[in-house]
Amino acid sequence: MKKWLRNWRLFSLFSVMALLLAGCGKPFLSTLQPAGEVADKQLSLMLLSTAIMVLVIVVVTIIFVYVVIRFRQRKGEENKIPKQVEGNHTLEIVWTVIPIILLIILAVPTVKATFDLADVTPMNKEKRDKDTLVVNVRANLYWWEFEYPDYGVITSQDLVVPTDERVYFNLKASDVKHSFWIPAIGGKMDTNIENKNQFWLEFDQKKADKAGNIFYGKCAELCGPSHALMDFKVKAVPREEFNQWIEKMKNAKKPVVTDPVAKQGEEIFNKSCIGCHAVTPVDKRPEQARTAPNLANFGDRERIAGILEHNEENLKKWLKDPESVKPGNKMTGTYGQLTDEQVDALTKYLMSLKVE
Ligand code: CUA
C-alpha cells in the first residue's frame, strides 16, 4: 500500500475516533460535564494545566521547526558554521525564568483549590449547625452503605442528597480498600479500613435536572472480581424534598404485608435473610453486624444489586444465582437453592419495601 494512503487512513481513523469519543460524555457520568462546585474547580484546573502544556509544546515545536529550516546545510555553504550561542547569559535566564513563571501560574490556583476542597471544618465542629448535612459512607465488597448520623437513618446503594449546598462525607471501608467516586460531581477519594477520610461535594440543581436527578457513582479502586460492578446511584433533590424523604425514613416502621404471596416471601426472608439485611432505615446494630445492604426502601431503588435495571425479572435472576450477576459477592452460598415459587414470593415481598 502506498505510504500516503496508509497515513491518510490512520489520520481518518483517529479523526473519527476523536469525534465519537468526544460524544461519550453524559451529564450524569462525565467529569467533563461538571455538575457541582468541586467538579467545576477541578475541571478548571485540568483545563489550565492542559492549556499551559499545549502552549509549551506549540512554542517549542515552532522554534524547533524554525531552527531546522533556518540553519540547515545549503549547497555551496558546506563549511559555514552558524554563530554559536552556547553559554549566552540572556538566553539561559530566559529559559529558566519562563518555566518558573509557568509553574507559579499553575501552582497558585492548584494550592488554593486543594485547601478549599479539603475544608471540612463545618462537619467537625463540636456542635454542628442544624443544616450541615453529614453522610457516613461505608464501602463493602461490592455494595455501599450510606448513614445519616444526625438523623439515625441508614440506607444503601442509593445515596440521597440535597442540591445547592455542601454535603460532607466521612469515608471508610469495612473489608478492603475501595474508592468513592461520583464523576460528574467531584474527584474520587479512597475509603480505607484503618482511617476515615473526609471531604465535601456540592450537587448543582440545574445540572441535576439535566441529568434526570440521578448521578452515577463508582468504586474507583480495584477491589476484587466485581470491582467494575460496584456501582451506586445518587438522587440529588431540592432541600425540601430531601427533608421529606429523611422524615419518611426516620419514621418508617416495619412494613405491614397484606398480600398473601408477599406474606409468604416475608416468612422466607425472616428465616434466611434478616440476619444480615435490615428492613427498617433505623438500624441500631453496630456496623460490624450490618454485613449486607439495608433494604428498607428497596422497592424505591434505581437498580437491583447496584447494576441491573430495577424490575422483578432482574431481582429473580439475582436471588436465584447472585454469582452470575456479581462474581465474588458475599451473598452467594448463604442460603440454599430457592424454588421458583420461593423466588416469586421473595420478589413480591422485596418490591413491596417502600418508604416513598
Ligand atoms: Cu470496590 Cu472497586
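What you are looking at is a predicted structure, and each value in this text was computed from that prediction instead of being measured.

## Topic: the overall build of the protein
Reasoning step 1: The number of helices and strands found in the protein is ten helices and twelve strands.
Reasoning step 2: Expected size for 356 residues packed as a compact globule is a radius of gyration near 21 Å; at 28 Å, the protein overshoots this value by more than 25%.
Reasoning step 3: Referenced to the eigenvectors of the C-alpha coordinate spread, the extents of the protein come out at roughly 100 × 60 × 35 Å.
Reasoning step 4: Classification of the 356 residues of the protein by burial places 38% in the buried group.
Reasoning step 5: Of the accessible surface of the protein, which amounts to about 20,800 Å², a share of 61% is contributed by carbon and sulfur atoms.

## Quick look at the layout of surface pockets
Reasoning step 1: Looking at the largest pocket, its volume works out to about 740 Å³.
Reasoning step 2: Looking at the largest pocket, it is lined by 40 residues, and the ones nearest its centre are His 277, Thr 291, Ala 292, Pro 293 and Met 331.
Reasoning step 3: When residues of the lining of the largest pocket are traced back to their parent elements, those giving at least two are strand E1 (133-140), helix H7 (260-272), strand E11 (303-304), helix H8 (312-320) and helix H10 (340-351).
Reasoning step 4: When its residues are assigned to classes, the lining of the largest pocket shows 21 nonpolar, eleven polar and eight charged.
Reasoning step 5: The residues that make up the lining of the largest pocket include at least three from each of domain 1 (28-67 + 89-251) and domain 2 (260-352).

## Topic: the sheet that holds strand E9 (residues 214-219)
Reasoning step 1: With mixed pairing, five strands are arranged side by side in an open sheet as E4-E10-E9-E6-E7. Each end of this open sheet is capped by a strand with a single partner; those strands are strand E4 (158-162) and strand E7 (186-191). Across the sheet, the mean angle from the axis of one strand to that of its neighbour is 25°, orientation sign disregarded.
Reasoning step 2: Of the pairings in the sheet, the one linking strand E6 (residues 178-182) to E7 comprises four bridges and is antiparallel in character. Looking at E7, one finds that Ile 182 is bridged to Gly 186.

## A short note on the UniProt feature "transmembrane region" (unreviewed entry) in the protein
Reasoning step 1: Per the UniProt annotation, the sites labelled "transmembrane region" (unreviewed entry) are residues 45-69 and 90-108.
Reasoning step 2: Secondary structure content for residues 45-69 is 100% helix and 0% strand, and the end C-alpha separation is 36 Å.
Reasoning step 3: A distance of 27 Å separates the end C-alpha atoms of residues 90-108, which is 100% helix and 0% strand.

## A short note on the nonpolar core
Reasoning step 1: With 47 residues, the main nonpolar core has Tyr 148, Leu 159, Phe 169, Phe 180, Ile 182, Phe 203 and Phe 215 as its most contacted residues.
Reasoning step 2: With sequence-adjacent residues up to four places away left out, Ile 182 is seen in contact with Leu 159, Leu 201, Phe 203, Phe 215, Tyr 216, Gly 217, Phe 232 and Val 234.
Reasoning step 3: One finds Val 257, Leu 308, Leu 315 and Met 351 within the second-largest nonpolar core, a separate group that totals 24 residues.

## Some details on helix H2 (residues 37-70)
Reasoning step 1: When the terminal C-alpha atoms of H2 are compared, their 49 Å separation across 34 residues agrees well with the 50 Å that a helix rising 1.5 Å per residue should span.
Reasoning step 2: Within H2, the full set of buried residues consists of Val 38, Ala 39, Leu 43, Leu 45, Ser 49 and Ile 52.
Reasoning step 3: The secondary structure elements touched by the buried residues of H2 are helix H3 (89-117), E7 and strand E8 (197-202).

## Description of the packing of H7 against H10
Reasoning step 1: For the pair H7 and H10, the least separation of the axes is 7 Å and the interaxial angle reads 100°. When the interaxial angle is binned, H7 and H10 end up roughly perpendicular. Here Val 261, Ala 262, Gln 264, Gly 265, Glu 266, Ile 268 and Phe 269 of H7 come into contact with H10, specifically with Glu 341, Gln 342, Asp 344, Ala 345, Leu 346, Lys 348, Tyr 349 and Leu 350.

## Some words on unusual backbone geometry
The phi angle of most residues is negative, glycine excepted, and most peptide bonds adopt the trans form.
Reasoning step 1: The phi dihedral of Asp 164 falls on the positive side, at around 55°, and the residue is not glycine.
Reasoning step 2: For Asp 164, the location among the structural elements is in the loop between E4 and strand E5 (166-173).
Reasoning step 3: A residue is classified by how much of its surface remains accessible, and Asp 164, at 48% relative accessible area, is partly exposed.
Reasoning step 4: A positive phi is found at Asn 213, a non-glycine position, where the angle reads about 65°.
Reasoning step 5: Within the fold, Asn 213 resides in the loop between helix H5 (205-210) and E9.
Reasoning step 6: On the basis of relative accessibility, which here comes to 24%, the residue Asn 213 falls in the partly exposed class.

## As for the packing of H8 against H10
Reasoning step 1: Packing of H8 against H10 brings their axes to within 9 Å, and their N-to-C directions diverge by 125°. Between H8 and H10, the crossing angle belongs to the class labelled oblique. As H8 packs across H10, the resulting crossing turns out to be right-handed. Where H8 abuts H10, its residues Glu 312, Leu 315, Lys 316, Leu 319 and Lys 320 lie against Asp 340, Val 343, Asp 344, Leu 346, Thr 347, Leu 350 and Met 351.
Reasoning step 2: Among the residues forming the contact of H8 with H10, the class breakdown is six nonpolar, one polar and five charged.

## Considerations on the environment of Ser 15
Reasoning step 1: Tracing the sequence through the fold places Ser 15 in helix H1 (residues 3-22).
Reasoning step 2: For Ser 15, a relative accessible area of 31% translates into the label partly exposed.
Reasoning step 3: Sequence spacing of Ser 15 and Met 53 is 38 residues, and the spatial spacing of their C-alpha atoms is 22 Å.
Reasoning step 4: Within the local environment of Ser 15, its side chain forms a polar contact with the backbone oxygen of Phe 11, the two atoms lying 2.6 Å apart.

## As for the sheet that holds E8
Reasoning step 1: Reading across the sheet, the five strands line up as E3-E2-E1-E5-E8 and stay open at both edges, with mixed pairing between neighbours. In the strand order of this sheet, the two ends are held by strand E3 (153-156) and E8, each with one partner. Between one strand axis and the next, the sheet turns through 25° on average, direction left out of account.
Reasoning step 2: Pairing of E1 with strand E2 (residues 143-148) involves five bridges; the strand directions are antiparallel. Considered in E2, the bridge of Ala 139 is made with Trp 144.
Reasoning step 3: In the packing of H2 onto the sheet, the strands contacted are E5 and E8, and the crossing angle to E8 comes to about 95°.

How each quantity is defined
- Residues numbered from 1 in each chain as written.
- Predicted model: local features only at pLDDT ≥ 70, side-chain atom pairs only at ≥ 80, totals over all residues.
- Heavy atoms only, no water.
- Helix = DSSP H or I, 4+ residues; strand = E, 2+ residues; numbered from the N terminus.
- Rg over C-alpha atoms; globule rule 2.2 N^0.38 Å.
- Buried < 20%, exposed > 50% of the residue type's maximum accessible area, 1.4 Å probe, protein only.
- Areas by Shrake-Rupley, 256 points an atom, 1.4 Å probe, with all protein chains shown as cover.
- 1 Å grid on protein atoms, 1.4 Å probe; cavity = no way out; pocket = protein on both sides within 12 Å on 5 of 7 lines; lining within 4 Å.
- Points joined across faces, edges and corners; volume = space filled by probe spheres on them.
- Nonpolar A, V, L, I, M, F, W, Y, C, P; charged D, E, K, R; others polar.
- Domains from an automatic or database assignment.
- Pairing = 2+ DSSP bridges.
- Axes fitted to C-alpha atoms, helices over the stretch in contact; angles between N-to-C directions.
- UniProt positions renumbered as here; feature names shortened; annotations may be inferred.
- Core = buried A, V, L, I, M, F, W, Y, C linked by side-chain atoms within 4.5 Å.
- Contact = heavy atoms within 4.5 Å.
- Expected span 1.5 Å × (residues − 1).
- Parallel < 35°, antiparallel > 145°, perpendicular 65-115°, else oblique.
- Left-handed = near helix turned anticlockwise from the far one by under 90°.
- Polar contact = N/O pair within 3.5 Å; in protein donor to acceptor, adjacent residues only side chain to side chain.

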